[in-house]
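Structure assessment
Chain by chain, the residues:
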Amino acid sequence: CIRDRALSDRDTVTAGGEGRVFGFTSDDRTRSNMILQNTFADANGTLLPATVDVEVLDRRGLAVHRQSYTLQAGEYLQHNGFIIDYGLGTISGGALRVVVVDPPPETSSGGVLAVVSEVNGADVDGTNDGRLMPAQVVGFAPSP
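All residue numbers here refer to positions counted from 1 along the written sequence of the relevant chain. Confidence filtering applies because this is a predicted model: local features only for residues at pLDDT of at least 70, side-chain atom pairs given and counted only at 80 or more, and all residues used for totals across whole chains, interfaces and linings. Think of the side-chain values as coming from all heavy atoms in the structure, minus any hydrogens and water.

A short note on the overall build of the protein chain
Working definition: helices are DSSP H or I runs of at least four residues, strands are E runs of at least two. Numbering for both runs from the N terminus. Check the secondary structure of the protein chain and you find one helix and nine strands. Put simply, the protein chain runs from its N terminus to its C terminus through helices and strands in the order β-β-β-β-β-α-β-β-β-β. Relative accessibility under 20% of the residue-type maximum defines a buried residue, over 50% an exposed one, and the middle range a partly exposed one, all with a 1.4 Å probe and only protein chains included. Each of the 144 residues in the protein chain was classed as buried or not, and the buried ones make up 42%. Should any heavy atoms of two residues lie within 4.5 Å, those residues are counted as being in contact. Of the contacts made within the protein chain by residues no fewer than 6 positions apart, 74% connect residues no fewer than 24 positions apart. Here the protein chain displays about 7,600 Å² of accessible surface, and carbon together with sulfur accounts for 49% of that area. Note on areas: these come from Shrake-Rupley sampling with a 1.4 Å probe, and a residue is covered only by the protein chains present in the view.

Here it is, written out as structure tokens:
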């Protein structure tokens, strides 16, 4: 995904919100890594923890795996080869659904930035070129 601006708070998944990363691949030529950056802060600027549910969707939009991550205040988490670690084999045209499940207090700011980095040259030689695909914030997740 090519952006003509820097990422900002409006690109983060906020409390009760949902974001989606579309169109990544993980196979013998391409490795996908997931990045979650927690930027939640209270009204005084103190960073807060957050819990995030991540669902991997196949190209038909069907959920094939769900994983929960507890992020510490300000934590940057990079899960290299997450599709392989989840035991999903290969995936083409995949998507992530990212939901913040335990919202911080209403007076908070920030959110969770979700990104997939896709690198050409996993097991089969490639160019080692990469691309970053940040989540598109699509609104608020439905209540359970």
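Comments concerning the environment of Thr-46
On the secondary structure map, Thr-46 appears in the loop between strand E2 (30-38) and strand E3 (50-57). Classification of Thr-46 as partly exposed rests on a relative accessible area of 44%. Separated by 27 residues in the primary sequence, Thr-46 and Ala-73 place their C-alpha atoms 8.4 Å from one another.

Some words on the pattern of salt bridges
Basic side-chain nitrogens of Lys or Arg form a salt bridge, by our definition, when they fall within 4 Å of a carboxyl oxygen of Asp or Glu. Summed over the entire model, instances satisfying the criterion amount to five salt bridges. In this structure, Arg-66 engages Asp-53 in a salt bridge whose closest nitrogen and oxygen atoms are separated by 2.1 Å. Here Arg-66 is found in strand E4 (residues 63-71), whereas its partner Asp-53 is found in strand E3, with 13 residues between them in sequence. For the salt bridge of Arg-60 with Asp-58, the shortest nitrogen-to-oxygen distance reads 2.5 Å. In this structure Arg-60 comes out as exposed when scored by relative accessible area, which is 65%. Through salt bridges with shared partners, a single network forms among Glu-18, Arg-20, Glu-55 and Arg-97.

Some thoughts on the environment of Phe-22
As for its position among the elements, Phe-22 is in strand E1 (residues 17-26). Since its relative accessible area comes to 44%, Phe-22 is described here as partly exposed. On a C-alpha basis, the gap between Phe-22 and Leu-96 in space is 6.7 Å, while along the polypeptide they are 74 residues apart.

Describing the nonpolar core
Core analysis: the largest hydrophobic core is formed by 26 residues, its most contacted members being Phe-24, Leu-36, Phe-82 and Leu-96. Elements represented by at least two residues in this core include exactly E1, E2, E3, E4, helix H1 (82-85), strand E6 (91-100) and strand E7 (112-120). Other than its neighbours up to four places away in sequence, Phe-82 contacts Phe-24, Ser-32, Asn-33, Met-34, Val-56, Leu-96 and Val-116. We define a nonpolar core as any set of buried Ala, Val, Leu, Ile, Met, Phe, Trp, Tyr and Cys residues linked to one another through side-chain atoms lying within 4.5 Å.

Some remarks on the pairing of E3
Within E3, eight of the eight residues are buried, which leaves the element mostly enclosed by the surrounding structure. A pair of strands counts as paired when DSSP detects no fewer than two bridges linking them. The pairing of E3 with E4 spans eight bridges and is classified as antiparallel. Bridging from a neighbouring strand, Glu-55 pairs with Arg-66 of E4. From the end of E3 to the start of E4, which pair antiparallel, there are five residues, and Gly-61 there has a positive phi angle of about 90°.

Digging into the packing of aromatic side chains
Each Phe, Tyr or Trp ring (for Trp, its six-membered ring) is paired with any other whose centre lies within 6.5 Å, and the angle between the two planes then decides the class: stacked below 30 degrees, edge-to-face above 60, tilted in between. Overall, the coordinates contain two aromatic pairs when judged by the stated rule. Considering the side-chain rings of Phe-24 and Phe-82, the 5.8 Å spacing of their centres and the 50° angle between planes classify their relative orientation as tilted. Placement of the pair is Phe-24 in strand E1 and Phe-82 in helix H1, with a sequence separation of 58 residues. We note that Phe-24, like Phe-82, is buried. Arranged with centres 5.7 Å apart and planes meeting at 75°, the rings of Phe-82 and Tyr-86 form a pair that is edge-to-face. A relative accessible area of 0% places Phe-82 in the buried class. By relative accessible area, Tyr-86 is classed as buried at 11%. Here the aromatic cluster, defined as three or more aromatic residues joined through ring pairs, consists of Phe-24, Phe-82 and Tyr-86.

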